[in-house]
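So the chains spell out like this:
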Amino acid sequence: MPQGIEISYVVYDSTDLDQTEAFMQDFGLVTAERTSEMLYMRGAGTVPYLYVARRAARDGFAGAALDMARREDLDAVARLPGASAVEPNPGPGGGQRVRMTTPDGVPIDAVWGREPAPPIALRAPNPYNWGTAKNRVNASLRPKRAPGLVMRLGHFGLRVSDHGQSVAWFRERFGMVDSDYLCVPGDESRVVGTFLRFDRGAALVDHHSMLITQSKDARDTGVHHHSYEMQDIDELFGAHDHLLARGRELECGVGRHLVGSQIFDYWRDPFGNRVEHYTDGDVANDAYQPVRYAVAADDTTQWGMDPPRTFFD
Ligand SMILES: [Fe+2]
């Protein structure tokens with residue numbers, strides 16, 4: 001089975017690339033390349049870009065790409081029904097890609113071989129003085145209300161017409177495995193959402209790189225949100241205050257999720273697309289045992305601001 005290792009990037013259509021770029025810069029991404037038609041943005045480290053916006057007549061989600069572990073994995077994906085041949089991947093860093101669409105028609109590319117970009121340094125995690133363990137002695141913290149710097153694209157969520165079919169599609173093409181399940185409240189036998197992670201054996205990976213959820217209306221499918229990791233809670237709260245000061249639209253946050261445990265903060269971009277900052281999420285390996293969560297919507301937030309009803313549509 002072909003094996004993926006990471007989410008490479010998400011792609012959005014935008015009627016106004018200037019507005020999109022300004023928002024994502026407030027959000028903590030850095031412009032990697034910009035033309036009149038395309039916007040490529042990156043975070044810290046050496047990944048050439050995490051987020052792509054294309055100038056278009058309509059705003060909205062236009063797909064995503066997942067990195068494959070090896071060239072052989074990309075070739076294996078290209079042999080599957082409905083896949084394109086291997087072709088050059090446009091954008092900074094190049095590489096190769098295979099184009100596909102999910103059962104609901106969402107474009108998903110498999111990517112391999114992007115060239116690393118010159119690194120953008122990330123500040124070290126802040127040393128916190130816990131109740132019983134003091135890590136900062138004769139020193140002070142001075143976090144800023146600033147965009148901060150996004151580290152990486154952590155995950156995205158898809159609302160789909162047939163949950164089982166879409167989960168199988170990602171398992172078969174990217175070797176993803178189930179971390180946890182969302183079930184109908186009170187009924188563990190009826191799964192309506194699956195948190196998927198990449199399978200790297202004993203190595204630790206994010207608890208989920210994708211969340212697939214059953215849409216209540218089979219005609220209303222697409223992205224739920226895309227989500228970026230921040231170094232620590234100071235980075236996340238500093239960005240929160242900065243986004244508020246810039247007049248950006250908060251959806252819900254700050255809070256701590258139940259499944260995956262992340263400290264979350266959800267925003268809407270100028271076109272209504274939902275985008276998340278998170279920090280302190282769970283990591284897992286092949287020793288992890290999936291859990292079935294048959295809980296009410298409000299119980300998916302452990303503390304902090306509960307999402308509005310529309311979050312769960
Ligand atoms: Fe998320």
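Going by the structure above, here's the rest.
This text gives an overview of the structure that appears in the document. Everything quoted here is computed from the prediction, not taken from an experiment.

Calculation criteria
Residues numbered from 1 in each chain as written. Predicted model: local features only at pLDDT ≥ 70, side-chain atom pairs only at ≥ 80, totals over all residues. Helix = DSSP H or I, 4+ residues; strand = E, 2+ residues; numbered from the N terminus. Rg over C-alpha atoms; globule rule 2.2 N^0.38 Å. Buried ≥ 20, exposed ≤ 12 C-beta atoms within 10 Å, placed from the backbone. Contact = placed C-beta atoms within 7 Å. Pairing = 2+ DSSP bridges. Axes fitted to C-alpha atoms, helices over the stretch in contact; angles between N-to-C directions. Arc of directions from axis to C-beta. Core = buried A, V, L, I, M, F, W, Y, C linked by C-beta atoms within 7 Å.

### What about the overall build of the protein?
Looking only at helices and strands, the protein features four helices and 20 strands. Relative to the globule expectation of 20 Å for 313 residues, the C-alpha radius of gyration of the protein, 19 Å, shows essentially globular dimensions. Principal axes of the C-alpha set define a box for the protein whose edges measure 60 × 50 × 40 Å. Counting over 313 residues, the protein shows a buried share of 39%. In the protein, the proportion of contacts linking residues at least 24 apart, taken out of those at least 6 apart, comes to 66%.

### Overview of the sheet that holds strand β10 (residues 177–184)
The sheet built from 10 strands is open, its strands ordered β19-β10-β11-β13-β9-β14-β17-β16-β15-β20 with mixed pairing. Each edge of the open sheet carries a strand with a single partner, namely β19 (292–293) and β20 (301–304). The sheet contact formed by β10 and strand β11 (residues 187–197) spans seven bridges and is antiparallel. Directly across from Asp178, in β11, lies its bridge partner Leu196. Where helix α3 (residues 163–174) meets the sheet, it contacts β9 (152–160), β11 and β13 (210–214), and its direction lies at approximately 160° from that of β13.

### What about unusual backbone geometry?
In this structure, Val254 follows Gly253 across a cis peptide bond, with omega equal to 5°. Of note, Asn138 is a non-glycine position whose phi angle comes to about 55°, a positive value. Tracing the backbone through its elements, the reader meets Asn138 in the loop between β8 (107–112) and β9. Phi angles above zero are rare outside glycine, and Asp280 is one such case at about 60°. Here Asp280 shows up in the loop between β17 (274–279) and β18 (283–284).

### Structural notes on the pairing of β11
Counted between consecutive antiparallel strands, the loop separating β10 from β11 contains two residues, among which Gly186 sits at a positive phi close to 85°. Two elements, β11 and β13, share four bridges in a ladder whose sense is antiparallel. Looking across to β13, one finds that Leu196 is bridged to Met210.

### Re helix α2 (residues 71–78)
Residues of α2 that are buried include every one of Asp73, Leu74 and Val77, and no others. Down the axis of α2, the buried side of the element spans an arc of 100°, and every buried residue falls inside it. Among the exposed residues of α2, those oriented more than 90 degrees off its buried face are Arg71 and Glu72.

### Let's talk about the sheet that holds strand β6 (residues 87–88)
With respect to topology, eight strands assemble into an open sheet ordered β2-β3-β4-β1-β5-β8-β7-β6, the strand pairing being mixed. If you trace the sheet from one side to the other, it starts and ends with β2 (30–34) and β6, each paired once. Across four bridges, strand β3 (residues 38–42) lies against strand β4 (residues 51–55) in antiparallel orientation. Bridge pairing links Leu39 to Ala53 in β4.

### What about the nonpolar core?
Of all hydrophobic cores here, the largest spans 64 residues; its most connected members are Tyr9, Met41, Tyr49, Leu50, Tyr51 and Met210. Of all the elements, strand β1 (residues 4–14) adds the most residues to this core, at five residues. With near-sequence residues (within four places) excluded, Met41 lies in contact with Met24, Leu29, Val30, Thr31, Ala32, Tyr49, Leu50 and Tyr51.

### Section: the environment of Ser84
Looking at the element boundaries, Ser84 is found in the loop between α2 and β6. With 13 C-beta atoms counted inside 10 Å, the residue Ser84 sits in the partly exposed group. When the C-alpha positions of Ser84 and Arg97 are compared, they lie 8.8 Å apart, and in sequence the two are 13 residues distant. Not counting residues within four places of it along the chain, the set of residues in contact with Ser84 comprises Val98 and Arg99.

### Looking at the environment of Pro92
Topologically, Pro92 is positioned in the loop between β6 and β7 (96–101). The spatial distance from the C-alpha of Pro92 to the C-alpha of Arg114 is 8.1 Å, given a sequence separation of 22 residues. Ignoring sequence-local partners within four residues, the contact set of Pro92 consists of Ala32, Glu33, Tyr40, Pro48, Tyr49 and Ala117.

Remember that the coordinates give geometry; whether it matters functionally is a separate question.
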